[in-house]
Amino acid sequence: MAIENQETTVREIKPKNRRIMGAGGPDEEDNRWPPWLKPLLSESFFVQCKLHADSHKSECNMYCLDCMNGALCSLCLNYHKDHRAIQIRRSSYHDVIRVSEIQKVLDITGVQTYIINSARVVFLNERPQPRPGKGVTNTCEVCERSLLDSFRFCSLGCKIVGTSKNFQKKKRHSAAMASDSEDSYSSSSHGREKSKVRGFTPTTPPPTSVNYRTAKRRKGIPHRAPMGGLIIEY
């Protein structure tokens, strides 16, 4: 009987231990995305394949979603038959993927799409923009790149960061900084204007009574030379 009671106690503790260990395990944030997404975004493409360096088709621009073993060239795909493989393309030195391929395996809602070479694509990672253009009303919530009004993110990587629970919108922070800088600039410029009004002195001093008479004094009557009235006869 004592052994049976001991076994019952162990069975009751096991679920509790699982819950405690689960608290330190994978977060729900990781479970929201496919296991291949983050490795895909951190991979370097368009490099030479080490296994097929002698081939003219050795550029690595493919990725296997099932194996997740890095960038692949077209010859490497022979070892990944019946696997889900996608092709990575490049636009302005940034990696893109066609919407027709990625939307079959991933929800890209909120990510802005672009038309490049007659194909609609999405960018893999963020592309920070130093200064948004004038009149821009909507920007990426992560990197503040200019977007159309119907989108929230400029890339798949920004969507992962921007939809996490611990993420705070950078847009609000930058807007607050912009308003503070505008206020400080207006106050400083207003102070400079006041100082200019108070401390302004003309470069040329105003004319006084002495130098005014000196400047306006007319020349005296011209006098003839001493020998001017003499007549010399020969």
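Residues numbered from 1 in each chain as written. Predicted model: local features only at pLDDT ≥ 70, side-chain atom pairs only at ≥ 80, totals over all residues. Heavy atoms only, no water.

### Concerning the nonpolar core
Step number 1: In terms of nonpolar packing, the biggest core is built from 39 residues, with Trp36, Leu40, Ile102, Leu106, Val122, Cys140 and Leu156 touching the most fellow members.
Step number 2: Counting only elements with at least two residues in this core, the list comes to helix H3 (37–41), strand S1 (62–64), strand S2 (71–72), strand S5 (94–98), helix H4 (99–102), strand S7 (119–123) and helix H5 (156–162).
Step number 3: Beyond its immediate sequence surroundings of up to four residues, Leu106 is in contact with Trp33, Pro34, Trp36, Leu37 and Leu156. (Core = buried A, V, L, I, M, F, W, Y, C linked by side-chain atoms within 4.5 Å. Buried < 20%, exposed > 50% of the residue type's maximum accessible area, 1.4 Å probe, protein only. Helix = DSSP H or I, 4+ residues; strand = E, 2+ residues; numbered from the N terminus. Contact = heavy atoms within 4.5 Å.)

### Topic: the pairing of S5
Step number 1: Bridging between strand S4 (residues 89–91) and S5 involves three bridges; their strand directions are antiparallel. Paired with Arg89 across the two strands is Val96, which belongs to S5.
Step number 2: What sits between S4 and S5 in their antiparallel hairpin is a turn of two residues, with Ser92 showing a positive phi close to 55°.
Step number 3: In the sheet, S5 pairs with S7 via three bridges, with the strands oriented antiparallel. The residue bridging Ile97 from the neighbouring strand is Val122, located in S7. (Pairing = 2+ DSSP bridges.)

### Things to note about the sheet that holds S2
Step number 1: Strand order in the open sheet formed by three strands is S2-S1-S3, and the pairing between neighbours is antiparallel. Of all strands in the sheet, those with a lone pairing partner are S2 and strand S3 (85–87), marking the two edges.

### What about the state of the cysteines?
Step number 1: The tally for this structure, following the rule as stated, stands at zero disulfides.
Step number 2: With no disulfide partner, Cys73 has as its closest neighbouring cysteine sulfur the one in Cys76, 3.5 Å distant.
Step number 3: Residue Cys73 is classed as buried on the basis of its relative accessible area, which comes to 0%.
Step number 4: In this structure Cys140 is a free cysteine whose sulfur lies 3.8 Å from that of Cys158, the closest cysteine sulfur available.
Step number 5: Residue classification places Cys140 among the buried residues on the basis of a relative accessible area of 0%. (Disulfide = S-S within 2.5 Å.)

### Some words on the sheet that holds S5
Backbone-to-backbone hydrogen bonds pair the strands of a sheet. The strands run either parallel or antiparallel.
Step number 1: Reading across the sheet, the four strands line up as S4-S5-S7-S6 and stay open at both edges, with antiparallel pairing between neighbours. Looking at strand neighbours, the two that pair on one side only are S4 and strand S6 (114–116), the edges of this open sheet. For this sheet, the mean inter-axis angle between neighbouring strands, taken without regard to orientation, is 55°.
Step number 2: The sheet contact formed by S6 and S7 spans three bridges and is antiparallel. Note that in S7 the partner of Ile116 across the bridge is Ala119. (Axes fitted to C-alpha atoms, helices over the stretch in contact; angles between N-to-C directions.)

### Topic: the packing of aromatic side chains
Centre distance and the angle of the planes are the two values used to describe a pair of aromatic rings.
Step number 1: Scanning the entire structure with this criterion turns up two aromatic pairs.
Step number 2: Taking the centre distance of 6.2 Å and the plane angle of 70° together, the rings of Phe45 and Tyr63 count as edge-to-face. One end of the pair, Phe45, is in the loop between H3 and S1; the other, Tyr63, is in strand S1, with 18 residues separating them in the sequence.
Step number 3: For Phe45, a relative accessible area of 4% gives the class buried.
Step number 4: Centre to centre, the rings of Tyr114 and Phe123 are 5.2 Å apart; their planes meet at 85°, and the pair counts as edge-to-face.
Step number 5: On the basis of relative accessibility, which here comes to 3%, the residue Phe123 falls in the buried class.
Step number 6: Lying across the ring of Tyr114, Arg127 places its NZ or CZ 5.2 Å from the centre. (Phe/Tyr/Trp six-rings, centres within 6.5 Å; stacked < 30°, edge-to-face > 60°. Lys NZ or Arg CZ within 6 Å of the ring centre and 35° of its normal.)

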